Structure formats: structure tokens, C-alpha cells
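For reference, the chains in residue letters:
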Amino acid sequence: MLLSFSRAGALPLRLIGERLMVHPTSVTNTIDRLERAGLVARRPNPQDRRGTLAEITPGGRQVVREATAVLMAAEFGLAGYDDSDLDDLFGLLRSLRVNAGDFTE
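Structure report, in brief.

Calculation notes
Residues numbered from 1 in each chain as written. Predicted model: local features only at pLDDT ≥ 70, side-chain atom pairs only at ≥ 80, totals over all residues. Heavy atoms only, no water. Helix = DSSP H or I, 4+ residues; strand = E, 2+ residues; numbered from the N terminus. Rg over C-alpha atoms; globule rule 2.2 N^0.38 Å. Buried < 20%, exposed > 50% of the residue type's maximum accessible area, 1.4 Å probe, protein only. Contact = heavy atoms within 4.5 Å. Areas by Shrake-Rupley, 256 points an atom, 1.4 Å probe, with all protein chains shown as cover. Lys, Arg positive; Asp, Glu negative; His and termini not counted. Charge placed at Lys NZ, Arg CZ, Asp CG, Glu CD. Core = buried A, V, L, I, M, F, W, Y, C linked by side-chain atoms within 4.5 Å.

### Quick look at the overall build of the protein chain
The number of helices and strands found in the protein chain is five helices and three strands. Along the protein chain, from the amino end to the carboxyl end, the secondary structure elements read α-β-α-α-β-β-α-α. The C-alpha radius of gyration of the protein chain comes to 17 Å, more than 25% above the 13 Å expected for a compact globule of 105 residues. A principal-axis box enclosing the C-alpha atoms of the protein chain has dimensions of 50 × 30 × 25 Å. The proportion of buried residues among the 105 residues of the protein chain is 23%. For the protein chain, the share of sequence-separated contacts (at least 6 apart) that also reach a separation of at least 24 residues comes to 36%. Here the protein chain has roughly 7900 Å² of accessible surface; of this, 57% comes from carbon and sulfur atoms. The centroid of the 13 positive side-chain charges in the protein chain is displaced by 15 Å from the centroid of its 14 negative side-chain charges.

### Thoughts on the nonpolar core
Counting eleven residues, the largest nonpolar core consists of Leu3, Leu11, Leu13, Leu15, Ile16, Val27, Ile31, Val40, Ala54, Ile56 and Val64. At the level of secondary structure, the elements contributing two or more residues to this core comprise helix 2 (13-20), helix 3 (24-36) and strand 3 (48-56). The element contributing the most residues to this core is helix 2, with three residues.

Honestly, that's just the spatial picture; any functional story needs more than this.
Structure representation (C-alpha cells):
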């Protein structure tokens, strides 16, 4: 999903780890699995000859579309919550992300 949101459909592995807040080994293992499934492809990073980009494939974009439709149909699993509960949940997640440095208040 992260790759589908990027402008070029590709990101350096290092940046993927930073954005997802996961260890580089986890990024490598995940990209390996996605590549074997034909959902992403590795390619050299033209901005950094030592780096590697992960690029979403057409098959990966199709999986993103299908998964998004399923999640939307299931209301992201949140249909059982009322507006007050959702406001509370949003507030908790927002403060968590601010404290993690994802964005500023």
C-alpha cells in the first residue's frame, strides 16, 4: 500500500523502513516475499547507486485495489463502534503518532 501511495510507485528500502517504523531486516524479508509473489520488483536507485528501490508491479496494484475494496466493504472492521468511540480511538492513535514523530500537532 505504501508503494501505491508514492508518486513513482517506488521507494528506497531504507525509506520504507522509516515510514513503517520497522527494522531494515523486516523490510528486506517483506520485500523478498512480495517480490516472489510478483507484487513488487527491486531495481537500482538512480539517486543512490548503493541503494535499491522497491517498485510496485501492475499485479501489486491490482492486489491493492482488491484489498481496499474488501476493507471498505467491511468498514475497516470499525462498524461496531459509535461516533464517540471512534473519536476516542482517533485521539489515542493521533497522540501515539505525534509522540512517535510521524507528524506534528
